[in-house]
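Residue strings, one per chain:
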Amino acid sequence: NTLGKTITCRAAIAWAKNSPLLIEEVQVEPPKSGEVRIKMISSGICGSDDHVLKGELVVNFPLIPGHEGAGIVESVGDGVCSVKPGDKVLILIIPQCRECDACLHPKGNFCDKQDVLPCSGVMLDGTSRFSCRGQKIYHSFRTSSFTEYTVVPEIATVKIDDAAPMDKVCLISCGFPTGYGAAVNSAKVTPGSTCVVFGLGGVGSAIVMGCKASGACRIIGVDINEEKFPRARALGVTDCLNPNKLEKPVQEVVMEMTGVGVDFAFEAIGLIDTMVAAWNSCNNSYGVCLIAGLAPSDAQLSLEAPKILSGKTLKGVCLGDYKTRDCIPQIVTDYLQNKINIDPLVTYQLPFNQLHEALELFHSGKAIRCVLLF
Ligand code: APR
Ligand code: ZN
């Protein structure tokens, strides 16, 4: 029985930026008031984790990365009532406190208690639950998932259906709703519309699925890695473009292909250049550009100011604009009822101790998502 005790288990630690992850023995303290300790079952590797490891986001090291996770509640701290030991749960990079301005607003979902912008790496009380050889280890986005056990705030986890296949549903913790929701919930892609999706990784592929489900008739996919194209076509992309192989800037090619620009443009990479290209691919009058990629901490976006007058819309979208604890469990249920299908995104599954092979699959672009199994 581990109740109330510190658990020693394996976790991946990034000791510094750009240094290889090391699987270490760590101590995971019991959950404090308002916190939940979770036995991880599966975790995806998401673009945001890569931004952290490369130092593109300002974070505190050493840390345990990962945030796209599914697990089973091991124990709960005082006052926790929305989950109990034994529950299947997802962890949430964007929590839902139901008290802050964003949570109380009908549309807002960027809860004040998130730890992405900026990243403190500590729990809501300012301390960490992880240590290794006596040294404090930081959390990542208050959700670290590359660990056999994690501790998260109650507001950053949600119970899901008991029948959920735990080796896959981790993708519904972040990548799938981030992309799918950007298309169906935030942009509200219309039937017969033309879309362009920059980046055909996990998030971009889920955007493609959302565009397709919404009845888009043309979906242009943009990626510098052509290994992504066959899978993207299978999901609904009608035209694939590799910007490195074009004679002109990609936005000019999109303009020529469509004549008037696209109805909806999505950026799912996290680079300034592709954000500008997405914006310039939109129809000048009614085009909508959605940014789902997370840009580096110090990046500034510069656009031609006069063109903003012509009527097009620029919008950021985080986790598909879903209020996470309210909406994520329903996405799991929709998956169980075959209303959506995340299976095409789970291209590899590997045991946690093959983390480095999984990262290699991610970096080479061979995987859309490689799920780690604990
Ligand atoms: N132009 C076009 N495509 C690019 C470029 C570029 N300059 N650079 C990278 N890509 C492609 C990669 O080849 C990859 O297919 O972008 C894709 C990114 O996908 P993933 O690495 O799987 O990342 P993902 O998890 O989809 O996240 C994408 O969304 O939520 C954010 O923080 C996340 O910024 C990240 C973005
Ligand atoms: Zn909130």
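From a predicted model like this one, the values you see are computed outputs, not experimental measurements.

Another aspect to go through is the site of ligand 1. By nearness alone, 23 residues border ligand 1, and Gly47, Ser48, His51, Val203 and Asp223 come closest of all. In the model, an oxygen atom of ligand 1 is placed 3.4 Å from a nitrogen or oxygen of the Ala292 main chain. When ligand 1 is considered free in solution it has 730 Å² of accessible area, and contact with the protein chains removes 85% of it. For the shell around ligand 1, the elements supplying multiple residues, two or more each, are helix 1 (47-53) and helix 4 (202-213). The leading source of residues in the shell around ligand 1 is helix 1, at three residues. A class-by-class count of the residues in the shell around ligand 1 yields ten nonpolar, ten polar and three charged.

A separate point is the packing of helix 6 (residues 250-258) against helix 7 (residues 272-281). Axis separation between helix 6 and helix 7 bottoms out at 8 Å; the angle between their running directions is 20°. Classed by the angle they form, the pair helix 6 and helix 7 counts as roughly parallel. Handedness of the helix 6/helix 7 crossing: right-handed. Residues Val250, Gln251, Val254 and Met255 of helix 6 pack against Ala277, Asn280 and Ser281 of helix 7. Class assignment of the residues belonging to the contact of helix 6 with helix 7 gives a composition of four nonpolar, three polar and no charged.

In this section: the nonpolar core. Grouped together as the largest cluster of nonpolar side chains are 95 residues, with contacts concentrated most on Val169 and Phe266. A per-element tally of this core places helix 4 first, with six residues. Summarising the domain contributions, this core has at least three residues from each of domain 1 (7-173 + 342-373) and domain 2 (179-318). Apart from residues no more than four positions distant in its own chain, Phe266 is found in contact with Ala182, Ala183, Ala187, Val189, Cys195, Val196, Val197, Phe198, Ile207, Cys211 and Leu290.

Within an α-helix, residues lying three or four positions from one another point in the same direction, as the helix has 3.6 residues per turn. With twelve residues, helix 4 should cover 16 Å at 1.5 Å per step; its first-to-last C-alpha distance of 17 Å lies within 8% of that length. Extensive coverage of helix 4 is indicated by the burial of ten of its twelve residues. Listed in full, the buried residues belonging to helix 4 are Gly202, Val203, Gly204, Ser205, Ala206, Ile207, Val208, Met209, Gly210 and Cys211. Buried residues belonging to helix 4 abut helix 3 (175-187), strand 10 (194-198), strand 11 (218-222), helix 5 (229-235), strand 13 (264-267) and strand 17 (369-373). A positive phi of about 90° marks Gly215, the residue just after helix 4.

Cut-offs used in this document
- Residues numbered from 1 in each chain as written.
- Chains lettered and ligands numbered in written order.
- Predicted model: local features only at pLDDT ≥ 70, side-chain atom pairs only at ≥ 80, totals over all residues.
- Heavy atoms only, no water.
- Near = heavy atom within 4 Å.
- Polar contact = N/O pair within 3.5 Å; in protein donor to acceptor, adjacent residues only side chain to side chain.
- Areas by Shrake-Rupley, 256 points an atom, 1.4 Å probe, with all protein chains shown as cover.
- Helix = DSSP H or I, 4+ residues; strand = E, 2+ residues; numbered from the N terminus.
- Nonpolar A, V, L, I, M, F, W, Y, C, P; charged D, E, K, R; others polar.
- Axes fitted to C-alpha atoms, helices over the stretch in contact; angles between N-to-C directions.
- Parallel < 35°, antiparallel > 145°, perpendicular 65-115°, else oblique.
- Left-handed = near helix turned anticlockwise from the far one by under 90°.
- Contact = heavy atoms within 4.5 Å.
- Core = buried A, V, L, I, M, F, W, Y, C linked by side-chain atoms within 4.5 Å.
- Buried < 20%, exposed > 50% of the residue type's maximum accessible area, 1.4 Å probe, protein only.
- Domains from an automatic or database assignment.
- Expected span 1.5 Å × (residues − 1).

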